[in-house]
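# Inside the fold
One letter stands for each residue in the lines below.
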Amino acid sequence: MSARATSRWVVVKFGGTSVSSLANWRNIALVVKRRLEAGNRVLVVHSAITKITDGLEKLLAAAIDGKPDEPLKAIEQRHRDLTSELGITVSPQLQGYFDELKQMANGIALVRELSDRTRARVMANGELMATEIGARFLMSQGVDVTWMDARDMLSAEDRGASAKASVLSATCSFAPDTALEQKLDASTPVVITQGFIARDSDGNTCLLGRGGSDTSASYLGAKIRARAIEIWTDVPGMFSANPRATPAARLIRALHYDEAQEIATSGAKVLHPRCLLPARQYQIPLYVYATQTPDLEGTLISGESAPGAHVKAVCNRKGITLISLDSPGMWHQVGFMADAFAVFKEHGMSVDLVSTSETNVTVSLDPAANTLDGELLGKLQRDLSRLSNVRVIGPCASVSLVGRNIRAILHKLGDAFALFEEQKVYLVSQAANDLNFTFVVDENQGDRLVEQLHDLLIRPGKGDPVMGPTWEQLFAKPEAVAARAQPWWSTKRDELLGTLATRDSAFVYDLGQVEMAARSITGLKSIGRALYALKANPHPDILRRVAEQGVGFDCVSLAEIERVFEAVPGIQADRILFTPNFAPREEYERALALGVHVTIDNLFVLQHWLDAFNGKSVFLRIDTGIGRGHHHHVKTAGAQSKFGIPVEELDEVARLAKAGDVSIHGLHAHAGSGVFDVENWTQVGSVLVGLVKRFPDVKYIDVGGGLGVPDRIEGRELDLARLDGALAKVKGALPGVELWLEPGRYLVANAGVLLARVTQTKVKSGIRYVGIATGMNSLIRPALYGAHHDIVNLTRYGEPANIQANVVGPICESSDFLGHDRLLPECHSGDVLLIATAGAYGRAMSSNYNLRAPAEELLI
Ligand code: ADP
Ligand code: ASP
Ligand code: MG
């Protein structure tokens with residue numbers, strides 16, 4: 001059914017923040033007047049003042065405890081303050097609401113009891129008080145407005161099984177309502193009413209659930225067949241992620257109702273999930289705008305969808321509880337699912353996501369739809385355990401990719417999936433409507449995953465009409481950027497620029513930073529020895545500085561061993577561990593002759609060259625089966641990895657070692673690189689500790705490296721104190737054994753930057769490119785792993801970023817890029833760009849590809 005073409009009504013809904021200041025109310029008056037001037041009539045729906053609904057919930061809790069006075073006073077004062085700010089008086093009606101609230105709170109305090117109905121009546125006061133103020137303000141601005149009670153316009157439906165939901169999370173009928181239309185048509189051209197509240201058939205006040213004012217607007221819009229519904233909030237539209245958590249989130253200019261529905265249901269608070277259906281049913285366009293910036297373009301949600309398949313948003317919903325049902329007998333068992341779901345129904349619980357296998361069914365319970373307390377969960381668990389083994393997992397976050405035809409783009413998600421390998425993914429679900437792909441992970445992993453997925457997947461194509469500017473572009477202020485943590489290089493800008501006076505590119509290392517990182521590792525109490533994995537950066541000065549801190553070395557080639565002896569003259573051989581992989585026999589012989597520790601990582605070595613190790617002590621590199629890392633190329637354990645001896649070969653290793661008189665004095669494992677979860681090292685440690693009884697000579701357990709380094713200035717850091725605590729437990733299991741750790745990247749990544757001069761710039765098909773003097777020949781990580789390196793224009797550091805560009809090098813490969821879609825100030829030929837965290841695996845992995853020498857190395 002289409003909107004009534006002749007309707008002159010526009011519904012404009014303002015949220016909590018929108019109605020809480022004079023500046024915003026001036027904009028509301030402006031919006032209303034503009035609509036009137038365009039020949040429309042305006043139905044204003046609005047929320048309680050910001051935080052007042054929360055305040056009322058607190059008031060209820062305090063009243064049950066018998067102490068309502070303070071929260072009552074605070075609520076009243078907040079409203080009085082707003083009236084003064086808006087230059088209006090406290091009307092008798094407003095005073096009436098204050099009095100009523102006081103009476104209800106005192107009543108609850110007296111009886112110490114609270115029904116859902118009373119709760120709804122108290123909470124409704126937030127919207128009633130705010131709209132009374134709103135009406136008075138609009139009148140003071142010369143707007144001819146009538147205040148109406150939304151409960152006379154919206155009838156709550158009986159939600160059957162759940163009486164609680166009927167009162168606190170009600171739904172309303174929204175079929176066209178001619179009587180309401182006539183009533184409004186007969187009133188002033190502007191009517192103001194409350195969001196969030198309705199009335200049931202018995203005349204009781206009901207609520208539409210937290211955030212439900214959007215839905216009030218939509219119900220009313222449908223009932224009067226409005227020509228548009230506008231949701232005015234504190235962000236100018238729906239974004240590709242919550243812009244407050246992900247500043248690179250982009251404005252989505254247009255969405256189909258289905259897509260907006262999916263984004264709202266997947267956790268984007270900006271729209272209440274129930275507000276899409278009425279608009280969709282009556283094909284009423286729904287707009288999202290920001291009250292603070294009424295002239296920004298916003299989002300249009302309608303029945304039209306942009307062609308093609310791409311991910312439009314990455315959403316995060318927290319507070320998810322999973323119920324996992326395990327039953328080996330489930331396979332082909334008739335009616336198992338029906339029985340299980342009957343139990344959920346009995347407990348009034350709504351199931352959201354479901355995944356099944358032959359022996360397991362895992363479902364998620366949505367916190368918005370269920371009141372989950374420990375007691376209820378306990379009962380549910382008890383009843384389900386009659387059917388199968390039950391596990392309650394939580395709190396979890398569901399991270400969803402939303403976009404049309406998501407199935408058609410799954411092949412492009414390869415790199416995105418790599419991100420999940422460091423996480424426990426409890427459940428994966430692809431919506432039947434092909435709009436949503438959801439992963440459920442531990443709650444504390446959600447934010448980071450969204451950030452990374454967004455970075456990987458939201459890349460607008462040439463002249464994309466749908467994806468608009470980023471939040472950062474719209475709102476980032478230079479002060480906001482300056483307020484971020486100051487990286488070391490920002491304080492050495494002149495010195496760094498000086499190094500490029502005579503060259504076009506350079507890696508610059510700050511040894512003080514190397515020393516600081518080394519100290520943070522040697523300070524770990526649980527660690528007996530730290531070994532620097534010098535493949536990350538074998539610069540002799542770095543090796544010396546690291547050695548001075550008492551750190552040893554992990555070498556993977558003979559040349560690396562020789563480098564250490566050259567750079568650190570007189571170093572004791574036993575501070576070096578040689579961990580080669582598929583190396584020739586001579587390298588082992590030479591290393592043993594030098595007296596360094598040697599690691600064997602393949603049974604072949606003992607089977608074929610046992611005599612070379614006769615009478616020696618060695619390390620074994622074990623494949624624990626657990627691979628981790630920021631990309632599959634940097635995972636170094638697990639079935640797909642070429643490294644390490646699998647546990648099932650250890651009996652044979654023990655037999656050969658005994659036969660050849662080889663003592664196994666160390667066990668080593670390394671799971672991968674770029675890991676932030678301390679559990680990684682405790683897991684590896686526990687596997688190795690478990691193996692010690694098979695190798696009684698073991699004195700050292702080396703849990704590897706891979707300590708994650710934040711790749712963004714504001715990125716999260718590895719929690720070293722937690723790591724220390726966790727490793728202390730591993731060590732506690734075997735008091736006589738010394739723990740070793742092998743940081744590589746961790747010691748040097750942040751200590752180095754790559755500087756490069758801008759050569760040329762280009763705009764092609766609407767996409768900007770900033771070309772610099774060196775590229776993947778110096779820093780291959782972005783091309784190889786999709787790694788992120790922060791990039792700033794050092795010449796114009798601190799200037800507002802007003803362009804978005806791909807930063808590319810001069811190499812003849814389309815993968816020769818350093819960063820996609822980077823926010824930068826306008827860049828000019830000759831400017832110096834700084835690519836951060838380039839101290840590890842930069843120069844070390846560089847090449848002369850295209851016969852272009854990589855950037856040279858300098859120290860400051
Ligand atoms: P109101 O009080 O106006 O109803 P809400 O706080 O309910 O406003 O919703 C607006 C908030 O939604 C924004 O401040 C933003 O942090 C959050 N949000 C979450 N996800 C998104 C998204 N994808 N796009 C826009 N805003 C989002
Ligand atoms: N005031 C209510 C809330 O805070 C409804 C709304 O703002 O949409 O949940
Ligand atoms: Mg809201």
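Report on the accompanying structure. This is a predicted model, so every value here is computed, not measured. (Residues numbered from 1 in each chain as written. Chains lettered and ligands numbered in written order. Predicted model: local features only at pLDDT ≥ 70, side-chain atom pairs only at ≥ 80, totals over all residues. Heavy atoms only, no water.)

Within the open sheet, the 8 strands sit side by side as β3-β4-β2-β1-β7-β10-β11-β9. Their pairing is mixed. Edge positions in the sheet fall to β3 (145-147) and β9 (254-256), since each has one partner strand and no second. The average angle at which neighbouring strand axes cross in this sheet is 20°, direction not considered. Most of the contacts of helix α5 (residues 116-140) go to strand β4 (residues 190-194), to which it runs at about 160°, and overall it touches β2 (41-46), β3 and β4. (Pairing = 2+ DSSP bridges. Helix = DSSP H or I, 4+ residues; strand = E, 2+ residues; numbered from the N terminus. Axes fitted to C-alpha atoms, helices over the stretch in contact; angles between N-to-C directions. Contact = heavy atoms within 4.5 Å.)

A few words now on the pattern of salt bridges. Applying the stated rule across the entire model yields 37 salt bridges. In this structure, K492 and D510 form a salt bridge, with 2.8 Å as the shortest nitrogen-oxygen distance. Of this pair, K492 sits in the loop between α16 (478-483) and α17 (493-499) while D510 sits in the loop between β19 (505-509) and α18 (511-522); the two residues are 18 residues apart in sequence, bridging distant segments of the chain. Residue classification places D510 among the buried positions, given a relative accessible area of 5%. Linking E826 and R768 is a salt bridge whose minimum nitrogen-to-oxygen distance equals 3.1 Å. Of this pair, E826 sits in the loop between β35 (817-824) and β36 (832-835) while R768 sits in strand β32 (residues 767-772), and the two are 58 residues apart along the sequence. For E826, a relative accessible area of 34% gives the class partly exposed. For R768, a relative accessible area of 29% corresponds to the partly exposed category. (Salt bridge = Lys/Arg side-chain N within 4 Å of Asp/Glu carboxyl O. Buried < 20%, exposed > 50% of the residue type's maximum accessible area, 1.4 Å probe, protein only.)

All right, on to the site of ligand 1 then. By nearness alone, 16 residues border ligand 1, and T233, D234, N242, R244 and K269 come closest of all. R244 is positioned such that a nitrogen or oxygen atom in its side chain is 2.8 Å from an oxygen atom of ligand 1. At 2.9 Å from an oxygen atom of ligand 1 is found a side-chain nitrogen or oxygen belonging to K269. Within the complex, 88% of the 570 Å² of free accessible area of ligand 1 lies under protein. For the shell around ligand 1, a count of residues per class yields 7 nonpolar, 5 polar and 4 charged. (Near = heavy atom within 4 Å. Polar contact = N/O pair within 3.5 Å; in protein donor to acceptor, adjacent residues only side chain to side chain. Areas by Shrake-Rupley, 256 points an atom, 1.4 Å probe, with all protein chains shown as cover. Nonpolar A, V, L, I, M, F, W, Y, C, P; charged D, E, K, R; others polar.)

A separate point is the site of ligand 2. As a matter of local geometry, ligand 2 sits amid S47, T53, E127, F196, R210, G211, G212 and S213. In this structure, an oxygen atom belonging to ligand 2 sits 3.1 Å away from a side-chain N or O atom of S47. A distance of 2.6 Å is found between an oxygen atom of ligand 2 and a side-chain nitrogen or oxygen belonging to R210. About the coverage of ligand 2: the protein hides 86% of its 260 Å² of free accessible area.

What follows deals with helix α25 (residues 720-732). Residues three or four positions apart in an α-helix share a direction because the helix packs 3.6 residues into each turn. The end-to-end C-alpha distance of α25 is 18 Å, a good match for the 18 Å that 13 residues give at a rise of 1.5 Å each. For α25, the set of buried residues is L720, L723, D724, A726, L727 and V730. In the core, the buried residues of α25 are packed alongside α18, α24 (679-691), β30 (738-741) and α26 (745-748). Its side-chain oxygen 3.3 Å from the backbone nitrogen of A721, D719 forms the N-cap of α25. (Expected span 1.5 Å × (residues − 1).)

Ordered by their spatial adjacency, 6 strands build an open sheet running β13-β14-β12-β15-β17-β16, and the pairing between neighbours is antiparallel. One side of each edge strand has no neighbouring strand; the edge strands of this open sheet are β13 (351-356) and β16 (427-430). Neighbour-to-neighbour, the strand axes of the sheet open up by a mean angle of 30°, direction not taken into account. Here strand β12 (residues 313-326) pairs with strand β14 (residues 360-365) via 6 bridges, running antiparallel. Of the residues in β14, the one forming a bridge with S324 is T362. Contacts from helix α12 (residues 374-384) reach β12, β14 and β15 (389-402), with the element oriented near 50° to β12. On the sheet, helix α14 (residues 446-457) packs against β12, β15 and β17 (436-442) and is oriented at approximately 125° with respect to β12.

Don't take any of this as a statement about function, it's just geometry.
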